[in-house]
Every structure is written in C-alpha cells, then in structure tokens.
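The chain contents come next:
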Amino acid sequence: MTDLPFANEAARRRTFAIISHPDAGKTTLTEHLLQSAGAIHLAGQVRARGENRRTSSDWMRIERERGISVSSSVMTFEYQDLMFNLLDTPGHEDFSEDTYRTLTAADSAVMVLDAAKGIEPQTLKLFEVCRLRDIPILTFINKMDREALDPLELLDEISDKLALDVAPMQWPAGSGKRFAGVQDLRDSVFLPFEHKEGGEASRRLAMDDPQLDAMMDETLREELTEAAELAVEAYPSFDAQSYREGHLTPVYFGSALRHYGVIELLNALAEHAPSPKTTKAIINGQQTTTLPGGAQTAGFVFKVQANMDPNHRDRVAFTRLASGRFKRGMKLKTTSGKVMSINSPMMFFAQDRGIAEEAYAGDVIGIPNHGTLRVGDSLSESGKVQFAGIPNFAPEILRRARPKDPMKAKHLRKALESLAEEGVTQLFKPVIGADMILGAVGQLQIEVTAERIAEEYKLDVLFEVSPYSVARWIKSGDTKELDSFMDKHKMQMAEDVDGDPVFLGKTPWEVGYAQEKFPKIEFLNTKER
C-alpha cells in the first residue's frame, strides 16, 4: 500500500468510537482522553446534575441538563504524530440506530465497562453491531476506585457473554478504597493510583521498589502477586492480528473520573488500533474495494446534523473519507450526478469547528449543505463510487404529531422532515389525510424531538397515541401486485421522507395477515439508504 499516493497520511489516522451502557463513564473518558492529548486544558466537571454536568462532547441543551449523550459528535486531535478521530456515540439505547450509523465510520472501538456491573444490556447490543462489522475492540474497565467485581469474574464475563478472547494488559491491586493501582503485565512494573495532571502518565515502579510497601499492605501485595501470575497463565497473550480481526480484546483498568489509566489507554490506541482499511464499494457496476491511499477522493455520509449552530439554519453532513486526498474547494459528485463544490468543509471538536484545508482517508469532515446530502450518500471525484448503504430500522413507537397552533402545521411538517433526514427519527405521511406519524425507537427520542422543535424551530408540538403500532416498508417485483395492495389498503398506506411506500399496521398480527394474503409483497423492517 505504501506506493499509493496518500498511503502514508492514511496510515497516520486512528478513527475510533467509544461504546458503553449509559453511566459507565463514556463521556467522562472522552473528556479525559482529549485532555491527555492536550486537545483541552481542563476536563468537564461531571457532577450529579444541572449546569455543572457539562462536557465538550455534549452540545445539546438536553444533554447538558440530563447528563446523557443523545447525539453523535466527532472530535479530531493529534497525539504522538498520529491524527485521531474520536466518534462519540449516544449512550442511551433509544439512540442505538444513530450509534449503528456512527460505527460504520469507525475502524475500531473502545468498550467501556463499569467495574461494578460488567457487561450490561446496551453494551451487549453495541458489541453485536461491532461484531457484524468485525470492528476491533479495546476494553477499558472503569471506576476501579469504587467497589468492583472480581477482575477474574469480569474477564470471564467478557469471554462468555461476548465469545471474545481476553488479553489483560494490566492487573489491578484491589478496588474501591483499597485500590492502589495496576501492575503492567507486559513489563512487570507497577503504576500507582495517584492524582495526575492531564497529560501526565502514571509513575512506573519496579515490583520490588520499597515505595510499594507504603502503597499496599502485605495482604494486598500477596493478592496482586498471585492474581497477576494466574492472569498471565490463564489468559492468552496479546496478539495484534487476532485483535485486529475482532477475535481478541486487550483489557485495561482505570478510573476516568480520577484521570487514572487514561493516558495508558491512549498510548494503547496509538500502538494497536488499526489505521483505515479497504472499504467495499461498487465502481462502474463492479463489486470492488477502495484503498485508503488510492488516488481518487471518495467517502460516504454517515450522519446529518441540523442546527448545530442555533444562529443559522445549518445542515452539516458528517462524511467519512475512505480514500484519496480531500482539498478545500474541490468538486465531488454523488452517485445521482449532483456536483458539489466543497468550499467550507469543517473539522470538528465537539461544538467547535474549523475549516478543513485538507483531509485523508479515515478523517471525518463536515460538509454544509441545504438538504442536498442524505445519510448513506456516497461522494467521489468521478461520481461512480457507491459505498454500501446504511440501514434504517423500523420504529418501535409510532406517534401522531400535531402543532398546538393549527396554523403552524406546515412549519411543523418542515421541522419533522428536517429531523427525519438526520436519521434520528422517522416521519411517515399517510396517503390519505394530513396526519404526520413520527417513528422512534424509544420514548426518549420523542422527548428529544419535542425539545429540539421547541428550541430550534420555536414550535410547540403534541405527540399523541397513534392508531398504528407497526410500520413496514413494502416492495415487490410484481408492480401490479404492489399497486393492487396499495389500492386496497389506502387508509393504511404512507410515504417516508424518501417517498418510499410504507404499510402502517394496527397490530403485528395485521401485518402478518396482509403478508399471507399478498405473498409476492415483501414487508421489510429495514431499509438501506
């Protein structure tokens, strides 16, 4: 690959996402990684509630107030002569679809586990998404300064529940008030648990250093020695190839809130995380791959975010570059033939942004546009590169939307369409009548949508119980059969934001019955964009 034009620059990129169950400490870890790299000077004060709970990566008001992440953000920073693109994903399960899309742009992931809780349901779901794409995972067991499960129990749980080999790179000495630090299993040194400044790595003491006597009593010292020896014998050694193929996870321990173990985690990402890989694509109708160092600039849109700047009705397409060298002002084409001159591309640091003069494979740039680009669009210099689409999933909750002021129905429709184009929620417009049906994965999405419409569009919206509970996209190779079905079920037919036909069922049984009566029609719970 080194003979390709931009291979060296691509090789410097590390594009990774952080996945976890809510409250495992993902956002805190994000802040401290940025602080370790020198990207920020002071990590956010993550406290219990209200205005004190702020982070650089949470930019929506609802995120700051509730202390949760409900949108994906991108942070670009340099460390050890490498360029990192950190994709911060929503932690809440109601936004798992947004997380899925973000993971399509990541080359690796950091899985954050709460030391007291181990593998939690949302972690399991997100891991399965990573497994579908063979994304390498590095594990960080967080909150060791609180009472924790036995480390052996934690590692066995990872191994059993995720069917993943584990390679502990460190071993903790106690937890909670007894937590004294970790032993590095590779070079058998001890990293004491103590307060450090943002970019400072832990002190490294030899295991026979007399200073350790003041940090651990004899019992804890013996426990550590025995457990570390057992860990080395019982678990496989770290294997870079096995990790990069998604079969093995290296495991680190620490406390993000106390800034302990964070810079060691960052060093591990620098050393082990993969640079951009080849990407499957269709070029001129032929199935092929694009190489990161390839000559042609190409990428795909994995997220659209509206109104990041409340003072402007902006719409930014987050675009992951897959090959070539992007330069500000260059023209890129979509596969549908639209030509875009990219004059104000952005690089992101949470809510802050700057102009990107150039970017390479692995980088994420923001392309301002007025509805031209959608999630799943491919961009390239030739317009002939088509990357695999990003799926939409059928919603689990359907609600009828109406404005409190009936005179503002048109404005509400426009706001809902705009948010649906971001891919966070879905909008279905029944063929008959003026109803607007909002589709969401969970209740929090409905609440966030209401708050964003109030905040960004100055509209009061009511979400009422819908007569429908199931939405399915329909398609058929038999046009007559499709037309016949749609004609007989006019009252239950709708269109999504792309104009594709959707059948709205009152119950799952009704969908099953319709499928029996019309066997040539497919009722789909996913749609590729």
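Everything that follows concerns the structure shown earlier in this document.
Being a predicted model, the structure only gives us computed values, none of them experimental. (Residues numbered from 1 in each chain as written. Predicted model: local features only at pLDDT ≥ 70, side-chain atom pairs only at ≥ 80, totals over all residues. Heavy atoms only, no water.)

**Structural notes on the overall build of the protein chain**
So, point 1. Secondary structure assignment for the protein chain yields 14 helices and 34 strands.
So, point 2. Within the protein chain, contacts between residues at least 6 apart in sequence are counted, and of these 70% link residues at least 24 apart.
So, point 3. Carbon and sulfur atoms provide 49% of the accessible area of the protein chain, an area that totals close to 22700 Å². (Helix = DSSP H or I, 4+ residues; strand = E, 2+ residues; numbered from the N terminus. Contact = heavy atoms within 4.5 Å. Areas by Shrake-Rupley, 256 points an atom, 1.4 Å probe, with all protein chains shown as cover.)

**Some remarks on the packing of helix 2 (residues 26–36) against helix 10 (residues 262–272)**
So, point 1. It is at 9 Å that the axes of helix 2 and helix 10 come closest, and there the two elements cross at 75 degrees. Our classification of the angle between helix 2 and helix 10 gives roughly perpendicular. Contacts between helix 2 and helix 10 involve Leu29, His32, Leu33 and Ser36 from the former and Val262, Ile263, Leu265 and Leu266 from the latter.
So, point 2. Of the residues belonging to the contact of helix 2 with helix 10, the class tally is six nonpolar, two polar and no charged. (Axes fitted to C-alpha atoms, helices over the stretch in contact; angles between N-to-C directions. Parallel < 35°, antiparallel > 145°, perpendicular 65-115°, else oblique. Nonpolar A, V, L, I, M, F, W, Y, C, P; charged D, E, K, R; others polar.)

**A short note on a nonpolar patch on the surface**
So, point 1. Side chains of Val431, Ile432 and Met491 sit close together on the surface and give an oily, nonpolar patch of about 300 Å² of accessible area.
So, point 2. Within the secondary structure, methionine 491 sits in the loop between helix 13 (479–488) and strand 31 (493–495).
So, point 3. Judged by its relative accessible area of 58%, methionine 491 is exposed. (Patch = residues over 30% accessible without salt bridge, like charges linked within 9 Å, V, L, I, M, F, W, Y side chains within 5 Å. Salt bridge = Lys/Arg side-chain N within 4 Å of Asp/Glu carboxyl O. Buried < 20%, exposed > 50% of the residue type's maximum accessible area, 1.4 Å probe, protein only.)

**Considering the sheet that holds strand 24 (residues 385–387)**
So, point 1. Read across the sheet, three strands follow the order 13-12-24 without closing on themselves; strand pairing throughout is antiparallel. Only two strands of the sheet have a single partner each, and these edge strands are strand 13 (286–290) and strand 24. The average undirected angle you get between the axes of adjacent strands in this sheet is 45 degrees.
So, point 2. Of the strand pairs in this sheet, strand 12 (residues 279–283) and strand 13 are connected by five bridges, and their pairing is antiparallel. Across the sheet, the residue bridging to isoleucine 283 is glutamine 286, located in strand 13. (Pairing = 2+ DSSP bridges.)

**Brief notes about the packing of aromatic side chains**
So, point 1. This model, assessed by the stated rule, comprises 17 aromatic pairs.
So, point 2. When the centroid spacing of 5.2 Å and the interplanar angle of 85 degrees are considered together, the rings of phenylalanine 193 and tyrosine 260 count as edge-to-face. Taken together, the positions of phenylalanine 193 in the loop between strand 9 (189–192) and strand 10 (205–206) and tyrosine 260 in the loop between strand 11 (248–253) and helix 10 put the pair 67 residues apart, joining distant regions of the chain.
So, point 3. Among the aromatic side chains, those forming a connected cluster through ring pairs are Phe16, Phe77, Tyr79 and Phe84.
So, point 4. Stacked on the ring of phenylalanine 318, the Lys or Arg lysine 303 has its end atom at 5.9 Å from the ring centre. (Phe/Tyr/Trp six-rings, centres within 6.5 Å; stacked < 30°, edge-to-face > 60°. Lys NZ or Arg CZ within 6 Å of the ring centre and 35° of its normal.)

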